[in-house]
Amino acid sequence: MKITILSRSASISSTKRLVEAGRARGHQVRVLNPVRVEMHLDGQRANLYYRRRKLSPCDVVIPRIAQSISNYGLAVVNQFAMCGVPLVNTARAIAESRNKMRSLQLLSAHGIPIPATVMARDAGDLKEMVGLVGGVPVLVKLLQGQEKHGVMVCESLQSLEAALEAILGLGHNLIVQQYVQSAGQDVRVLVVGGRAVAAVRRRPRVGRLSYTLNRGARLEGLQLTDAHRLAAEKTAMLVGLEVAAVDLLEVPEGLPKVFEVNSSPALPEMEAATGLDLASIIIQRAEELAEGGLKVGLPEPEPVSRRKRPAKASTGEA
């Protein structure tokens, strides 16, 4: 099988793991930088070029679109779809997951527990609505911010007002969200092909906020509970993602709350914490989609120690 991975660089650790897993299973794998892909439409055909050379066909595409190139990258993903290539995550599903308010609206409408959230265009309005999310402290999130840099915590109304005026003044849209005290921990569940396959608990560095995957956060393998599984699998299904990391907040009482959905989750960190070969599970789902998309049920992920040795890297055409 010929697999195309859309990623800014083959040296990115998660991309590298997918390449290794694909070649270990006997596939030809190429990595294309989405910003170097050119697109052509004429009302009858949709063509793709890479550095001005027409791309040879592939059997399936695995998008790993960076937030910084989201608009162009998603257009490239959509162009592959127009050419009839199966996708592991469609452009629409990726875009849905990256708009924090829209994804939360979707989940809330289908009864998925989420932290209380408010959104408005005016700083004064948002400040007045803080009581609806339980008062300070609160989380302030850029609507389409990067995972590591798009979140801050405001512990007083004064700090909240300053943050709101500064961010809105720069033209950014944002949401204000309930800050659920959960002993500084949250849970990330990886869903592939509609099934939760692994979970980790995240413990941030001292003084860091647990609601994002900050560098240096300690990940610990976690046994999936029925509540984790149900929330994560239903979330991935509603957003439409074949591969998703669903971030959950564990609260003292009641069901876990979904606060984030990620369409390009980091793999090596989760593999190290769980000891599971998660990249191969994603490649297996890509195989199923290339063969017709039947949800035949993925096998349990193997321990990392059982990985096959990667096949020798091919030279690869464009």
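Small disclaimer: the values here were computed from a predicted structure and weren't measured.

(A) Looking closely at the overall build of the protein chain. Per the secondary structure count, the protein chain includes nine helices and 15 strands. A buried classification covers 50% of the 318 residues belonging to the protein chain. Working note: accessible area of the protein chain is about 15,200 Å², and carbon and sulfur atoms make up 49% of it.

(B) Seen up close, the sheet that holds strand E10 (residues 174-178). Here four strands make up an open sheet; going across it, the order is E7-E10-E8-E9 and the pairing antiparallel. Taken across any chain shown, the strands that pair with only one partner, and hence form the sheet edges, are strand E7 (117-118) and strand E9 (151-154). Bridge analysis of E7 against E10 gives two bridges, and the strand direction is antiparallel. Paired with Val 118 across the strands is Val 176, a residue of E10. Strands in contact with helix H4 (residues 100-109) are E7, strand E8 (138-142) and E10; relative to E10, the strand with the most contacts, it is inclined by about 45 degrees.

(C) Fine view of the environment of Ala 266. Position of Ala 266 relative to the elements: it lies in the loop between strand E15 (257-262) and helix H8 (268-274). Put simply, Ala 266 and Arg 17 are 249 residues apart on the chain and 10.0 Å apart in space, counted from C-alpha to C-alpha. Apart from residues lying up to four places away in sequence, Ala 266 is in contact with Ser 14, Arg 64 and Arg 188.

(D) Main features of the pairing of E15. Counting buried residues along E15, six of its six residues qualify, which places the element largely inside the surrounding structure. Relative to E15, strand E14 (residues 243-249) runs antiparallel, the two being bridged by five bridges. Residue pairing in the sheet places Ala 245 in a bridge with Asn 262 of E15.

(E) Geometry of the pattern of salt bridges. All told, the structure shown has 16 salt bridges when counted by the stated rule. Put simply, Arg 17 and Glu 20 hold a salt bridge, and the shortest N to O gap is 3.0 Å. Residue Arg 17 and its partner Glu 20 are located together in helix H1 (residues 13-24), separated by three residues, close to a single helical turn. On the basis of relative accessible area, Arg 17 is assigned to the buried category, the value being 7%. The class of Glu 20 is partly exposed, set by a relative accessible area of 26%.

(F) Highlighting unusual backbone geometry. Cis geometry is adopted by the peptide bond preceding Pro 137, which originates at Val 136 and carries an omega value of 0 degrees. Assignment of secondary structure puts Pro 137 in the loop between helix H5 (123-128) and E8. Not every positive phi belongs to a glycine, and Arg 51 is a case in point at roughly 50 degrees. On the secondary structure map, Arg 51 appears in the loop between strand E4 (46-50) and strand E5 (53-54). By relative accessible area, which is 44% here, Arg 51 ends up partly exposed. Its identity as a non-glycine residue notwithstanding, Arg 52 has a phi of 70 degrees, on the positive side.

Definitions and limits used
Residues numbered from 1 in each chain as written. Predicted model: local features only at pLDDT ≥ 70, side-chain atom pairs only at ≥ 80, totals over all residues. Heavy atoms only, no water. Helix = DSSP H or I, 4+ residues; strand = E, 2+ residues; numbered from the N terminus. Buried < 20%, exposed > 50% of the residue type's maximum accessible area, 1.4 Å probe, protein only. Areas by Shrake-Rupley, 256 points an atom, 1.4 Å probe, with all protein chains shown as cover. Pairing = 2+ DSSP bridges. Contact = heavy atoms within 4.5 Å. Axes fitted to C-alpha atoms, helices over the stretch in contact; angles between N-to-C directions. Salt bridge = Lys/Arg side-chain N within 4 Å of Asp/Glu carboxyl O.

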